[in-house]
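Report on the structure
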Amino acid sequence: MEKLTYTHNADAAAVIAQTYDTPPLAYVRSYGCQQNVNDGEKTRGVLMDIGYGLCDKPEDADLILFNTCAVREHAEQRVFGNVGALKGLKEKKRGLMIGLCGCMANQKHVVEKLRKSYPYVDLVFGVDGIDTLPQLIAQKLQKHKRVLMEPAQRPVIVENIPIRRESEFRAWLPIMYGCDNFCTYCIVPYVRGREKSRKPGDILSEFRGLVEAGYKEITLLGQNVNSYGKGLEEQVDFADLLNLLCTVPGDYQIRFMTSHPKDASHKLIDTIAAQPHLCKHLHLPVQCGSDELLKKMNRHYTIEQYLELIEYARKTVPGITFSSDIIVGFPGETEEDFQGTLELVKKVGYMQLFTFIYSKRNGTPAAKLPDPTTHAEKAARMDRLLKLQDSIAFPMIAAMAGQTVKVLVEAAGRTPGTLNGRLDNNLVVEFPAEESLIGQYANVRLTGSRAALLVGELAE
Ligand code: SAH
Ligand code: SF4
Ligand code: F3S
């Protein structure tokens, strides 16, 4: 994979400096997964690099950018709604630039729709175009014409893109981009392109920089981190990478997502057990509990294999907890298939579930399958799944009372005077404490729970 290094675009910076008397302001809003959030952080970094300031309200902005997600129809509709709502602002504010980037912008039909029906959208570029943003903005400012890039995938990795991170203690760190799995329901491989792994040395130096800057939690990102290393000159797999990163001294913890069950190895689980820096939690999306449906989804594992992995992890990593993604109502899902999902959820006992009603994505193989189940039936199934999950997780969470746990304090809690801390297993505990603790580790004694939220108090 060819590697490029980001360089400052002085020409674009000059065009911007000539256009505006004072530094223009940019509002960047990211939708979707952490990968996209991280792309949004880079987009902000690049904008600052060429002279933009940042603002929190679209009304204050000279440039509004929506960094979009295409994974479900609802996500796309929200973006179109939000873009549409800017029409008035654009009419009032001459020179306001409106742009759309991210996964939606990597679909031809979306770019066409924007071209035809959203004339006030000035700028469109895809997920591989963040480093090109300076020249696109300069072009727009000089030629006063819309700059709508056609979806294209670049077989390159661009390193050293400036970044403006949202948090000073939790960081996202992509180790790979794209996806080669083509699960039949999923748009991601089409919008994010083929898998590309970053070099271990580049990941290590970014990681080291984060630890040195005081970051306490670093989440490694990839659509399937377990296939990390494919195509690199170095012989390195994901577990090797984790071991390499854990050689960096410091007070930090590592999370990662997402781990595809088909490639999750015993070696990975052994590494979680052996490395104290790794959170003892595994997000292992199963999608559904029926072998037949898994085949139709092109997931490449059976429920038996999945459960074997869970068992191995439980045996190897004492106290490990699990979470999962589940799709309800994949085309042709029968009541029996759905019963399989309920059975599986009971067997595993997930701490957390992320559940989605199937959303048809044009261009994916599943979009062509007959889908006779009504939305109401699917919603009813979802309801049953959520009720079951609550009945499993809430008692598990309540039973944690009495333990003292180490948490990373993330933010103010909902109850005044409290803070929220996140446990190793991704659960959140609310406890009374001073705000100065945000961004630090704390030991918290768990005293009880409300639904999925733990409550506790600072331990001495
Ligand atoms: N690469 C990750 C998931 C990325 S998308 C993985 O394979 O686990 C996050 C989740 O969105 C998926 O796990 C799936 O549960 C859900 N999802 C993806 N496409 C979907 C669709 N068309 N409809 C409903 N849910 C979908
Ligand atoms: Fe989508 Fe499957 Fe790739 Fe995950 S692994 S991003 S669900 S195609
Ligand atoms: Fe959405 Fe793109 Fe992520 S489609 S889930 S933002 S990879």
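See the structure shown above.
Structure report, in brief. (Residues numbered from 1 in each chain as written. Chains lettered and ligands numbered in written order. Predicted model: local features only at pLDDT ≥ 70, side-chain atom pairs only at ≥ 80, totals over all residues. Heavy atoms only, no water.)

1. Regarding unusual backbone geometry
Excluding glycine, a negative phi dihedral is what most residues carry, and trans is how most peptide bonds are arranged. Along the chain, Met257 connects to Thr258 via a cis peptide bond; the corresponding omega equals 5°. The residue Thr258 is located in the loop between β13 (253-257) and α10 (266-274) in this model. (Helix = DSSP H or I, 4+ residues; strand = E, 2+ residues; numbered from the N terminus.)

2. A few points about a negative patch on the surface
On the surface, Asp291, Glu292, Glu304, Glu308 and Glu336 cluster together into a negatively charged patch. Of all the secondary-structure elements, those providing two or more residues to the negative patch are α11 (291-296) and α12 (303-316). Structurally, the position occupied by Asp291 is in helix α11. (Patch = residues over 30% accessible without salt bridge, like charges linked within 9 Å, V, L, I, M, F, W, Y side chains within 5 Å. Areas by Shrake-Rupley, 256 points an atom, 1.4 Å probe, with all protein chains shown as cover. Salt bridge = Lys/Arg side-chain N within 4 Å of Asp/Glu carboxyl O. Lys, Arg positive; Asp, Glu negative; His and termini not counted. Charge placed at Lys NZ, Arg CZ, Asp CG, Glu CD.)

3. Topic: the site of ligand 1
Around ligand 1 there are 15 residues in total, and Tyr185, Gln223, Gln287, Asp325 and Ser359 lie nearest to it. Note that an oxygen atom of ligand 1 is positioned 3.1 Å from one of the side-chain N or O atoms of Arg72. A distance of 2.8 Å separates a nitrogen atom of ligand 1 from a polar backbone atom of Ser359. Protein contacts shield 90% of the accessible area of ligand 1, which totals 540 Å² for the unbound molecule. Contributions of two or more residues to the shell around ligand 1 are made by β15 (321-328) and β16 (352-357). Across the shell around ligand 1, the residue classes break down as seven nonpolar, four polar and four charged. (Near = heavy atom within 4 Å. Polar contact = N/O pair within 3.5 Å; in protein donor to acceptor, adjacent residues only side chain to side chain. Nonpolar A, V, L, I, M, F, W, Y, C, P; charged D, E, K, R; others polar.)

4. Quick word on the pattern of salt bridges
When their charged atoms lie close together, side chains carrying opposite charge are able to pair. Going through the model one piece at a time under the given rule, you end up with 34 salt bridges. Between Glu343 and Lys346 there is a salt bridge whose closest N-O contact spans 3.5 Å. Highlighted residues: Glu343 and Lys346, both in helix α13 (residues 335-348), separated by three residues, approximately one helical turn. Its relative accessible area of 48% is what places Lys346 among the partly exposed residues. In this structure, Glu430 and Arg450 form a salt bridge, with 3.2 Å as the shortest nitrogen-oxygen distance. Highlighted residues: Glu430 in strand β19 (residues 428-432) and Arg450 in strand β20 (residues 441-450), separated in sequence by 20 residues. Assessed through its relative accessible area of 46%, Arg450 is described here as partly exposed. (Buried < 20%, exposed > 50% of the residue type's maximum accessible area, 1.4 Å probe, protein only.)

5. With respect to the packing of aromatic side chains
If you walk through the whole model with that rule in mind, you get nine aromatic pairs. A centroid spacing of 5.7 Å and a plane angle of 70° characterise the contact between Phe330 and Tyr358, whose relative ring orientation is edge-to-face. Taken as a pair, Phe330 in the loop between β15 and α13 and Tyr358 in the loop between β16 and α14 (375-398) lie far apart in primary sequence, 28 residues in all. A single burial state applies to Phe330 and to Tyr358, both of which are buried. Taking the ring centre of Phe80 as reference, the NZ or CZ of Lys113 above it sits at 3.9 Å. Directly above the ring of Tyr441 sits Lys406, whose terminal nitrogen or CZ lies 4.0 Å from the centroid. (Phe/Tyr/Trp six-rings, centres within 6.5 Å; stacked < 30°, edge-to-face > 60°. Lys NZ or Arg CZ within 6 Å of the ring centre and 35° of its normal.)

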